[in-house]
Amino acid sequence: MNGFARYILKTVMRMKKWKTVCCGVGIGLCNALFGAGGGLLAVPYFKACGLRQKSAQALSLAVTLPLSALSAFVYLWRGYVTLSDAVRFVLPGLLGAAAGTLLLKKSPDRVLHGIFALLLCWAGVRMLAG
Amino acid sequence: MTWMPLISFIAAALAGVCGAMGFGSGTVLLLYLTFCLSVDQQTAQGINLLFFLPAAFLALTVYLAGRDLPLRRAGGLLLCALPGAALGYALLSVLPVALLRRFFGAFLIVLAIKEFLSLKKTKKQPTFR
């Protein structure tokens, strides 16, 4: 526990850049309010940190997975959703995820970047439409 | 009606692909749930969150095993995201979420334009990792 506390302290001390704070708070808000969209903010952030497209997309999962777990728990707890609502999507989702994992490894950065830009645009239009 | 299970399967699988690749499973799944099944927005968001967990866990395990990712950066970002999420939960039933969605949508389009503009630079850039 002491090590964990020290890690948190060190990380906070290192956060000189407001970009990290703003991005992080934005990602948390999106994940909580919209149930999606955190990853779409995390990828540009990681790229601004110097990661290539592929790594940024892979690493964005490390942020969105714990957040989504927390949000899912809150949504369940408040009764917005039940486990049985989601259970029938899990198996095809896992199959798709296996395919997606392979695809991300094989795809060139430029293609990923293009698809990411298109999907970002698409998500924006959908959100705007309400 | 006999087509519905197949369409549902395809939608969920596609969402899994998108989720695992870091594009966000919501881009596909939320659309399918709200438009095709007319699930209400909040339930759809909950389903999306629950759905994302196993898919992302699978993908992340593979990525972490396969390449050297700077997890420290993710840790810093996550640390900032937690207060944001807490604020979000507190305001979930108070805020006009529909209005916020529009603002966020506009912001995403700005981000998308930025991505399109930087597309030329992503040829064979010598970035680390």
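Up top is the structure.
Here is what the cut-offs are and how they apply
- Residues numbered from 1 in each chain as written.
- Chains lettered and ligands numbered in written order.
- Predicted model: local features only at pLDDT ≥ 70, side-chain atom pairs only at ≥ 80, totals over all residues.
- Heavy atoms only, no water.
- Helix = DSSP H or I, 4+ residues; strand = E, 2+ residues; numbered from the N terminus.
- Buried < 20%, exposed > 50% of the residue type's maximum accessible area, 1.4 Å probe, protein only.
- Contact = heavy atoms within 4.5 Å.
- Areas by Shrake-Rupley, 256 points an atom, 1.4 Å probe, with all protein chains shown as cover.
- Buried area = accessible area lost by both parts, 1.4 Å probe.
- Salt bridge = Lys/Arg side-chain N within 4 Å of Asp/Glu carboxyl O.
- Polar contact = N/O pair within 3.5 Å; in protein donor to acceptor, adjacent residues only side chain to side chain.
- Nonpolar A, V, L, I, M, F, W, Y, C, P; charged D, E, K, R; others polar.
- Axes fitted to C-alpha atoms, helices over the stretch in contact; angles between N-to-C directions.
- Parallel < 35°, antiparallel > 145°, perpendicular 65-115°, else oblique.
- Left-handed = near helix turned anticlockwise from the far one by under 90°.

Attention now goes to the overall build of chain A. Per the secondary structure count, chain A includes 6 helices and 0 strands. Reading the secondary structure of chain A in the N-to-C direction produces α-α-α-α-α-α. Its C-alpha atoms give chain A principal-axis dimensions of about 45 × 40 × 30 Å. Put simply, chain A has 130 residues, and 53% of those count as buried. Considering only contacts within chain A whose residues lie at least 6 apart along the sequence, 59% involve residues at least 24 apart. As displayed, chain A offers around 6,000 Å² of accessible surface, 73% of which is attributable to carbon and sulfur atoms.

So, on to the interface of chain A and chain B. Across the boundary between the two partners, chain A contributes 100 residues, which contact 86 residues of chain B. Here chain A and chain B share an interface that buries about 8,400 Å² over both sides, 76% of which is from carbon and sulfur atoms. In this structure, K47 of chain A engages E115 of chain B in a salt bridge whose closest nitrogen and oxygen atoms are separated by 2.8 Å. If you look at where chain A meets chain B, you find 12 residue pairs in polar contact (both at pLDDT 80 or more). The dominant element in the side of chain A that touches chain B, judged by the number of residues it contributes, is helix α4 (residues 53-77) of chain A, at 21 residues. Across the side of chain A that touches chain B, the residue classes tally to 65 nonpolar, 24 polar and 11 charged.

Here we take up the packing of helix α5 (residues 83-106) of chain A against helix α1 (residues 4-20) of chain B. Contact geometry of α5 of chain A with α1 of chain B gives a least axis separation of 6 Å together with a crossing angle of 45°. Comparing their axes, α1 of chain B and α5 of chain A come out oblique. The way α5 of chain A lies across α1 of chain B gives a crossing that is right-handed. Contacts from R88, F89, P92, G93, L95, G96, A97, A99, G100, T101 and L103 of chain A of α5 of chain A reach α1 of chain B at S8, F9, A12, A13, G16, V17 and A20 of chain B. Looking at the contact of α5 of chain A with α1 of chain B, its residues break down into 11 nonpolar, 6 polar and 1 charged.

Right, let's get into the packing of α4 of chain A against helix α6 (residues 109-129) of chain A. Residue and element names in this part refer to chain A. Relative orientation of the contacting elements α4 and α6 amounts to 55°, with a least axis distance of 8 Å. With respect to α6, the axis of α4 lies oblique. Together, Q53, K54 and Q57 of α4 and D109, L112, H113 and F116 of α6 make up the contact between the two elements.

Here the focus is the environment of A56 of chain B. Looking at where A56 of chain B falls in the secondary structure, it is placed in helix α3 (residues 41-66). For A56 of chain B and G19 of chain B, which are 37 residues apart along the polypeptide, the C-alpha to C-alpha distance reads 6.5 Å.

An α-helical segment advances 3.6 residues per turn. Residues three or four places apart therefore align on the same side. For helix α3 (residues 38-48) of chain A, a buried count of 10 out of 11 residues is recorded, marking the element as mostly surrounded by other parts of the structure. Among the structural elements, α2 (18-34), α4 and α6 of chain A together with α4 (71-91) and α5 (97-117) of chain B are those in contact with the buried residues of α3 of chain A. Positive phi shows up at G50 of chain A, right after α3 of chain A, with a value of about 105°.

Just distances and angles here, no functional claims.
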